[in-house]
Every structure is written in C-alpha cells, then in structure tokens.
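Coordinates in review
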Amino acid sequence: MKMANMQISQLGRWPGFIPAHPNKPSSSSTSPESLLHNSHPHLLATPTPPRLSSSSPEQKLGSSRGELLMAAASIPANPQPFKLILGSSSVARKHILTEMGLQFEVMTADIDEKSIRREDPDELVTVLAEAKADAIISRLNIADYQKEGDLPTLLITSDIVVVHEGIIREKPTTKEEARQFLNGYSGGHVSTVGSVVVTNLTTGKRFGSLDKAEVYFHDIPDEVIENLNEASFGIPFRPSIQSRSSPPKYGP
C-alpha cells in the first residue's frame, strides 16, 4: 500500500508524465511535452535534481518513469483492497493508474475553474483540487459508500499550474496565446505546482499534498512551436521531470 500510495502521488504532477531524459523511453502521446520530448529531446535541459532526504521513499525507489513502472509491477497481484474513483477525464492520469494495475472508475467535477482565483499558486491548485472533490461528492449518495463490510472508496482529484516569471498560467484559450506561452519558455525557465487530494468517501477523511518542479529549456525553434501548437492546442505545456514533494497538508 505504501508503494501504491507513492505512485498515486505522481498524478498531481502533469499529464504526459514524460521524464526529461532523452535516453529513456516514453509512451506515445499527443501532448506538447511528449511531442517535444520524442522529436526534439535536446530542447529540454537536464532538470535540477530533487532535494530529498536519504530516508525518503522516493529517493530509494527513484522518480523516473521507468523506475516507477518497475515499482508498480512489483505490487502483488492481490485483490485491490479499496475502490478507486479518479476525479478527472485526463487521458494521461487514467493511463498512469492503468499502468499501475489499479481498477478505477472516472467521474468529472465539471466546475468553472476560472471562477476560483488565488494569487498564490500553492493555494490555487489546492483549492481547485478540493473544489473538484466537493463537486463530485455533492452528486453522490455518500451512504452508498459507507455500508458495513464494503471496501473503502478513495476519490482522487488534482490540479496543476505553470508559473512563468511570477505569473500563473493555465490552459491557453487561443492559438496565439499558446504560441506566446511556448515562445516565452524558449531558452527560459518555468516552475510547476501540482496538488493531489485523496478523499476517503467511507470515513470522510481527506489528505493532500503539493508537488513542485523547476524546468529549464534550451531554445525552441519556431517550427517546433508551430507544430506543437497545431497538434495540441488547448493543452498547457506541463513537462514531467523529477521533483520534490511536500508533506501532506491535511489530517484526519
């Protein structure tokens, strides 16, 4: 369970989950980061190594995609001791859970994320992940998940933003805005802030964690930016690299 929980925490990072290492394989994806990684891996600079203590489980197991999948493969093929709901329609997040061998159902929050604003990116992704959980729970009959003898049900919700030059960036709304974002990243630096919230529908307990990463880019040629814009308009550039995670924010 500890290993599975560590891997579930990767969901809050970013769709695509492609490590910024050109010598490691990655799954196919139409997201901008996977296209850039697969066709122009030299454009992603080597990320700053995470600062983890020697006792950290993530330090011992590694944070690369290959190491995580190897860890997932080592989970015994016993019946899953909990039911799982993924509160997201993200193809990448569904793919991560599937690769881990977990069984789950998908529910979407369908909230107006733009109506929820915070100046601090840590606070923004946290309240958005919580709002998604609350919206899904509001449509459920909680008594159905609290029957004696049933397996506990966990609801996972998450959110992520990119911070560039102190400005929080979410999904671009036009191709021009997407082009502007990518031009700004070329030869520059961005931070990503992600939040994962896990709500136990059986007990009512909720736990959450933040995940942060720093990413540095080489110059991105104009033709690559145009190809990314045409192929994946509407998907924010959310690179996947090693990162450091903060301790859980919530208690019982």
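Use the structure listed above.
Criteria and thresholds
Residues numbered from 1 in each chain as written. Predicted model: local features only at pLDDT ≥ 70, side-chain atom pairs only at ≥ 80, totals over all residues. Heavy atoms only, no water. Helix = DSSP H or I, 4+ residues; strand = E, 2+ residues; numbered from the N terminus. Contact = heavy atoms within 4.5 Å. Areas by Shrake-Rupley, 256 points an atom, 1.4 Å probe, with all protein chains shown as cover. Buried < 20%, exposed > 50% of the residue type's maximum accessible area, 1.4 Å probe, protein only. Pairing = 2+ DSSP bridges. Salt bridge = Lys/Arg side-chain N within 4 Å of Asp/Glu carboxyl O. Core = buried A, V, L, I, M, F, W, Y, C linked by side-chain atoms within 4.5 Å.

Here we come to the overall build of the protein. In terms of regular secondary structure, the protein is built from eight helices and seven strands. For the protein, long-range pairs separated by at least 24 residues make up 74% of all intrachain contacts whose partners lie at least 6 apart in sequence. Summing over all exposed atoms, the protein offers an accessible surface of approximately 12,500 Å²; the carbon and sulfur share of this is 53%.

A few words on the pairing of strand S5 (residues 189–200). Consecutive side chains of a regular strand alternate in pointing toward one face of the sheet and then the other. In terms of burial, S5 is a largely internal element, ten of the twelve residues being buried. Looking at chain direction, strand S3 (residues 153–164) and S5 are connected through ten bridges and run antiparallel. Bridge pairing in S5 links Ser-158 to Val-196. In the sheet, S5 pairs with strand S6 (residues 206–216) via eleven bridges, with the strands oriented antiparallel. Directly across from Ser-191, in S6, lies its bridge partner Glu-214. Between S5 and S6, which pair antiparallel one after the other, the connecting turn spans five residues, and Gly-204 there sits at a positive phi close to 85°.

For the rest of this paragraph, the subject is the pattern of salt bridges. Using the criterion set out here, one finds ten salt bridges in the structure. For Lys-132, the salt bridge goes to Glu-113, with nearest N and O atoms at 3.6 Å. One end of the pair, Lys-132, is in helix H6 (residues 121–138); the other, Glu-113, is in the loop between strand S2 (105–106) and H6, with 19 residues separating them in the sequence. A relative accessible area of 10% places Lys-132 in the buried class. In this structure, Glu-176 engages Arg-179 in a salt bridge whose closest nitrogen and oxygen atoms are separated by 2.7 Å. Taken together, the residues Glu-176 and Arg-179, both in helix H7 (residues 175–185) and three residues apart, mark about one turn of the helix.

On to the environment of Leu-210, then. Along the polypeptide, Leu-210 turns up in strand S6. By relative accessible area, Leu-210 is classed as buried at 8%. Separated by 87 residues in sequence, Leu-210 and Glu-123 have C-alpha atoms that sit 9.6 Å apart.

With that out of the way, let us pick up the nonpolar core. Grouped together as the largest cluster of nonpolar side chains are eleven residues: Val-162, Phe-181, Leu-182, Tyr-185, Val-190, Val-215, Phe-217, Ile-220, Val-224, Ile-225 and Leu-228. Of all the elements in the fold, those that place two or more residues in this core are H7 and helix H8 (222–232).

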